[in-house]
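Single-letter residue listing:
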Amino acid sequence: MTTRAEGPGGRETVHGDDSLAELGYRPELKRTLGNFHTFAAGISYISILTGTFQLFYFGVSFGGPAYWWSWPMVFAGQLMVALCFCELAGRYPVAGSVYNWAKKMGGPHVGWLGGWMMTTATMVTLSAVALAYQITLPQIDDWFQFVGDGSRPGDAAANAVLLGTVLILFSTVVNAFGVQLMARINSAGVFIELIAAVALIVFLAAHITRGPSSVLTETYGLGSGGSLGYFGAFLTASLASAYVMYGFDTASSLGEESHDPGRNAPRAILRALIASFLIGGFILLFALMAVPDLHAKELSTGGLQYVVLETLGSTIGEIFLWCVVVAITVCVLAVHAAGIRLMFAMARDNNLPAGSALAKVSPRFRTPVIPAVLIGAVGVIILVINVNQPQIFSVITSIAIIMIYVAYLMVTGPMLVQRLRGRWRPQEGRFSLGRFGLPVNILAVLWGAAMSLNLAWPRAEVYNATGPQHWYLRWGAFLFIGIVAVGGFAYYWFVQRHRTGVLAEHRADTAP
């Protein structure tokens, strides 16, 4: 069953409700999003300016300017994952994409665990992205340092929580008022971000003072005392790139609210990832080529904000930093929106406590309002709990990214098993890898496993960077993920799995 309706400009638009029917759901969310909206959702989650400005200092600190090579490395690996997702998005462009894909490929148990990991990670990621305001706003004007004067160690952390809370409250209100409002603000923000990113590349290119060869081979001598030499330092620095290029599946998670999602979602996933790679790569490279002093210690402290202000001057530099603020804002909107769809998707399968309430769609706003409020509230609570514990928060933030990579593995891994058994067939007439499907899927699984291990490796400089050394911080990734996975699955096995099943009011055979 494929229904059609008049789309923008009077064009007939394929709804793709057959994908929902195959999974046992009836359409409830309002289809209002076009091509650019879905593309904007994916690219705003990745958020070129947010990620590069937030993590540039980390890459340079641990890998020197040569850490830039981790950008194409991470892109190549994530491209394999994205290509697998494109096939799935062509066939199942539904809310809570990773959860539903894992469920369809690996069964209900794998699906629940993947959805649980992704939901937990999304709420922590929301808080982590909101903290990026603190990295940028006080550099624009001291007025934004509301807590203290920034001289005491706790001032920055407390002010970050205050700014982040305001941003999450804004995102909660916007997302609760429906996908159209969110999409309009998000698309406008992405348009500004893309224009600003391209302009930044041009401005930095006009101030280049050295060639790429001197930048891409400069390691600062890092890793010379380690057992793996510079390779070990590079693996640590690569986290700066790995922390940015994910979330492209958001383009498909809005599939139930998009026109012709079976065709548009795969394109949006690829366009978002490729555009982020190209634009972000040029920004990083030209910034290193343009900064007056390649060995300035501020590169490891002030990050990309320092480069922009030092290279372009305070006036032009602050204009670009305001664009970064816009990028952070729409990134939070996209992360929040993706989390809402994920929680809604799990709840209508009765796979969360109070599933009926969480899956309820507002008749006025045509969006799940309770998940919007709940995710926003949890995000604020995470910020408040960690107001005086920035080190522990950085550990949890790192772990959240690992959980997303693990959740992706819970899609690509079972998908590979389905391919090897000859059970996977892409939707006819939709995105297909053809004979390249198996090798791409194998590379996606190998990449996901390797990067998850690299991200979780108990490095003191990542998980216990300041203060006394604690084994539970060093091994925080394995401990936290183990507790979340084992505890969550135990709850599912003994309690929730006996209740699971599409709620009656959401079933495909139930009249609207």
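What counts as what
Residues numbered from 1 in each chain as written. Predicted model: local features only at pLDDT ≥ 70, side-chain atom pairs only at ≥ 80, totals over all residues. Heavy atoms only, no water. Helix = DSSP H or I, 4+ residues; strand = E, 2+ residues; numbered from the N terminus. Rg over C-alpha atoms; globule rule 2.2 N^0.38 Å. Buried < 20%, exposed > 50% of the residue type's maximum accessible area, 1.4 Å probe, protein only. Contact = heavy atoms within 4.5 Å. Areas by Shrake-Rupley, 256 points an atom, 1.4 Å probe, with all protein chains shown as cover. Lys, Arg positive; Asp, Glu negative; His and termini not counted. Charge placed at Lys NZ, Arg CZ, Asp CG, Glu CD. Disulfide = S-S within 2.5 Å. Axes fitted to C-alpha atoms, helices over the stretch in contact; angles between N-to-C directions. Parallel < 35°, antiparallel > 145°, perpendicular 65-115°, else oblique. Left-handed = near helix turned anticlockwise from the far one by under 90°. Nonpolar A, V, L, I, M, F, W, Y, C, P; charged D, E, K, R; others polar.

**Student:** Can you lay out the overall build of the protein chain for me, pointing to particular residues and giving the numbers?
**Tutor:** Looking only at helices and strands, the protein chain features 23 helices and 2 strands. Taken over the C-alpha trace, the protein chain has a radius of gyration of 22 Å; the compact-globule value for 512 residues is 24 Å, and the two agree within 12%. When its C-alpha atoms are laid out on the principal axes, the protein chain stretches across 65 × 50 × 50 Å. A buried classification covers 61% of the 512 residues belonging to the protein chain. Considering only intrachain contacts with a sequence separation of at least 6, the fraction spanning at least 24 residues in the protein chain is 81%. Of the accessible surface of the protein chain, which amounts to about 19700 Å², a share of 66% is contributed by carbon and sulfur atoms. One finds the centroid of the 31 positive side-chain charges in the protein chain at a distance of 11 Å from the centroid of its 26 negative side-chain charges.

**Student:** Outline the state of the cysteines, supporting the account with residue identities and numerical values.
**Tutor:** Working definition: the covalent bond between the sulfur atoms of two cysteines is a disulfide. One pass over the structure, following the stated rule, counts 0 disulfides. Left unpaired, Cys86 is separated from the closest cysteine sulfur, that of Cys84, by 9.1 Å. For Cys86, a relative accessible area of 0% translates into the label buried.

**Student:** Describe the packing of helix H6 (residues 108-130) against helix H23 (residues 476-494), and please don't skip the residues or the numbers.
**Tutor:** Two numbers describe how H6 lies on H23: the axes approach to 10 Å, and their chain directions differ by 130°. Taken as axis vectors, H6 and H23 run oblique relative to one another. Of the two possible hands of crossing, H6 and H23 adopt the one that is right-handed. Listed contacts from H23 to Pro108, His109, Trp112, Leu113, Trp116, Met117 and Thr120 of H6 are Ile481, Val484, Ala485, Gly488, Phe489, Tyr491, Tyr492 and Trp493. Looking at side-chain class alone, the contact of H6 with H23 contains 12 nonpolar, 3 polar and no charged residues.

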